[in-house]
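# Chain and residue survey
Spelled out, the chains give:
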Amino acid sequence: MKKILIILVLIITVGCSNKEVIINDEENKVDSGMQINENQNNSQISDEPINIYLFWGSTCHACANLKEFFNELDDSYNKYFNLKKYEVWYNEENKKLMYEVGELLNQTYYAVPFLVVGDEVIVGFNESKKEYILDKIIEEYNNDRYDVMEKLNN
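Below is a summary of the structure that appears in this document. Given the structure is predicted, the values throughout are model-derived calculations rather than measurements.

Here the focus is helix 5 (residues 130-142). The end-to-end C-alpha distance of helix 5 is 19 Å, a good match for the 18 Å that 13 residues give at a rise of 1.5 Å each. All of the buried residues in helix 5 are I133, L134, K136, I137, I138, E140 and Y141.

Structure (structure tokens):
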């Protein structure tokens, strides 16, 4: 019931969006279909989706389940985030990036799936983590908007 109320409040507060999220595994990126106007002020930027980062292994069952979870989300969640995916078992550059992100966030345990939402790392995936992940995404969207990749590049 709490989850339903949160979703309804967020939908009413943020409004409806026709934004479509297209996940492309081959290019390890998500195209949100949205463009940022360079003349936007800070209040308008808050409507932009946050970036979340998934480091995954190609034959990892938990990784496949997490990707499926994101693919099956209700469209009302798509306006909150862009999912950026990086395969790390066969791509050394992506693996190095995962360790750089982990080091920046004081992560001491590395396993896949390795999901970064804001300044938090969520390692592993199972049914019990679904609600927590969604809550963290919405919390980050509404508050901090920390983007680890921006911090890495500075």
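That shown, we press on.
Put simply, V112 and P113 share a cis peptide bond, and its omega is -5 degrees. Following the sequence through the fold, P113 ends up in the loop between helix 4 (92-104) and strand 5 (114-117). Of note, the phi angle at N106 is positive, near 60 degrees, even though the residue is not glycine. Tracing the chain through its elements places N106 in the loop between helix 4 and strand 5. The exposure class of N106 is exposed, given its relative accessible area of 67%.

So, on to the packing of aromatic side chains. Inspection of the entire model under this criterion finds ten aromatic pairs. Plain terms: the ring middles of F69 and F125 are 5.7 Å apart, the flat faces sit at 35 degrees to each other, and that makes the pair tilted. Of the two residues, F69 sits in helix 3 (residues 61-71) while F125 sits in the loop between strand 6 (120-123) and helix 5, which places them 56 residues apart along the sequence. For F69, a relative accessible area of 10% translates into the label buried. You can call F125 buried: its relative accessible area is 12%. Geometrically, the ring pair formed by Y99 and Y110 is tilted, given 4.3 Å between the ring centres and 40 degrees between the ring planes. You can see Y99 sitting in helix 4 and its partner Y110 sitting in the loop between helix 4 and strand 5, a full eleven residues away along the chain. Counting every residue linked through ring pairs, the aromatic cluster contains Y53, F55, Y86, Y99, Y110 and F114. Over the ring of Y141 we find R145, and its NZ or CZ is 4.7 Å from the ring centre.

Here we come to the environment of K136. One can find K136 in helix 5. Overall, the relative accessible area of 8% leaves K136 in the buried class. Taking C-alpha positions, K136 is 8.4 Å from G118, a pair spaced 18 residues apart along the chain. Setting aside anything within four residues of it in sequence, one finds K136 in contact with V117, D119 and E120.

Rules of the game
- Residues numbered from 1 in each chain as written.
- Predicted model: local features only at pLDDT ≥ 70, side-chain atom pairs only at ≥ 80, totals over all residues.
- Heavy atoms only, no water.
- Helix = DSSP H or I, 4+ residues; strand = E, 2+ residues; numbered from the N terminus.
- Expected span 1.5 Å × (residues − 1).
- Buried < 20%, exposed > 50% of the residue type's maximum accessible area, 1.4 Å probe, protein only.
- Phe/Tyr/Trp six-rings, centres within 6.5 Å; stacked < 30°, edge-to-face > 60°.
- Lys NZ or Arg CZ within 6 Å of the ring centre and 35° of its normal.
- Contact = heavy atoms within 4.5 Å.

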